[in-house]
Amino acid sequence: PSLDAPSLLYQYKFKPSDSALTDPQRHVDRRRANKLKLRQQQDESRGAAMKNVQRALAGNFVIASAKLLAALSSGSSAMMSEFVHSVVDCGNQALLLVGLSASQNAPDRNHQYGYGK
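Residues numbered from 1 in each chain as written. Predicted model: local features only at pLDDT ≥ 70, side-chain atom pairs only at ≥ 80, totals over all residues. Heavy atoms only, no water.

Student: Mind showing me how you'd approach a positive patch on the surface here?
Tutor: On the surface, Arg31, Arg32, Lys35 and Arg39 cluster together into a patch of positive charge. Here Arg32 falls in the exposed class, since its relative accessible area comes to 55%. (Patch = residues over 30% accessible without salt bridge, like charges linked within 9 Å, V, L, I, M, F, W, Y side chains within 5 Å. Areas by Shrake-Rupley, 256 points an atom, 1.4 Å probe, with all protein chains shown as cover. Salt bridge = Lys/Arg side-chain N within 4 Å of Asp/Glu carboxyl O. Lys, Arg positive; Asp, Glu negative; His and termini not counted. Charge placed at Lys NZ, Arg CZ, Asp CG, Glu CD. Buried < 20%, exposed > 50% of the residue type's maximum accessible area, 1.4 Å probe, protein only.)

Student: Mind showing me how you'd approach the side chain of Lys67 here?
Tutor: Structurally, Lys67 is set in helix H3 (residues 24–74). Look at Lys67 and you get buried, because its relative accessible area is 18%. (Helix = DSSP H or I, 4+ residues; strand = E, 2+ residues; numbered from the N terminus.)

Student: Honestly, the environment of Ala66 in this entry has me stumped. Any pointers?
Tutor: On the secondary structure map, Ala66 appears in helix H3. Here Ala66 falls in the partly exposed class, since its relative accessible area comes to 44%. For the pair Ala66 and Phe83, spaced 17 residues apart in the sequence, the C-alpha separation amounts to 8.3 Å.

Student: Please explain the pattern of salt bridges as it appears in this structure.
Tutor: In the structure shown here, the tally under the stated rule is two salt bridges. Here Asp43 and Arg46 are joined by a salt bridge, their closest N and O atoms 3.6 Å apart. Here Asp43 and its partner Arg46 are both found in helix H3, three residues apart, which amounts to about one turn of the helix. Given the relative accessible area of 44%, Asp43 is considered partly exposed. A relative accessible area of 17% places Arg46 in the buried class.

Student: I keep staring at helix H4 (residues 77–102) and nothing clicks. Help me out?
Tutor: The α-helix winds at 3.6 residues per turn, so residues separated by three or four positions along the chain end up facing the same way. Between the first and last C-alpha of H4 there are 38 Å, a value that for 26 residues agrees with the 38 Å anticipated at 1.5 Å per step. Buried within H4 are the following residues: Phe83, Ser86, Cys90, Gln93, Leu97 and Leu100. Regarding H4, its N-cap is Ser76, as a side-chain oxygen of that residue lies 3.3 Å from the backbone nitrogen of Ala78 further along. (Expected span 1.5 Å × (residues − 1). Polar contact = N/O pair within 3.5 Å; in protein donor to acceptor, adjacent residues only side chain to side chain.)

Student: Any chance you could explain the confidence of the model for the protein chain here in plain terms?
Tutor: Interpretation of this model should avoid reading the predicted coordinates in detail wherever pLDDT is low. For the protein chain, the mean per-residue pLDDT works out to 81, and 77% of the residues sit at or above 70. Across the protein chain, element-level confidence peaks in H4 with a mean pLDDT of 93 and bottoms out in helix H1 (residues 5–11) with 54. (pLDDT = per-residue confidence, 0-100.)

Student: What exactly am I supposed to notice about a nonpolar patch on the surface here?
Tutor: A cluster of nonpolar side chains, contributed by Leu72, Met80, Val84 and Val88, occupies part of the molecular surface with about 360 Å² of accessible area. For the nonpolar patch, the element with the most residues is H4, which contributes three residues.

Here it is in structure tokens:
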């Protein structure tokens, strides 16, 4: 017998022991538990991402400060351009923080799946 998808689709028969047929409430409860678990995982992931971006922002701020001091003390235009580059990186990370916080908004009429998807 071949194992192509259409033939497998028609071979399956429902059994009386299928949980969706014998206990519909069990099926609903399992779906709710899976949704809750997914939401918790998303919240943990978003929290970890926020902390990582905040750490990177703090690190880039320290680096930008050091580059500014080096540029002012040496008069090097290359170091000044490195300072500007670090400031732009800080701006990028600030935008990431804004996006991460905006993605936590609950679903509404215009965004049925929420803002994080």
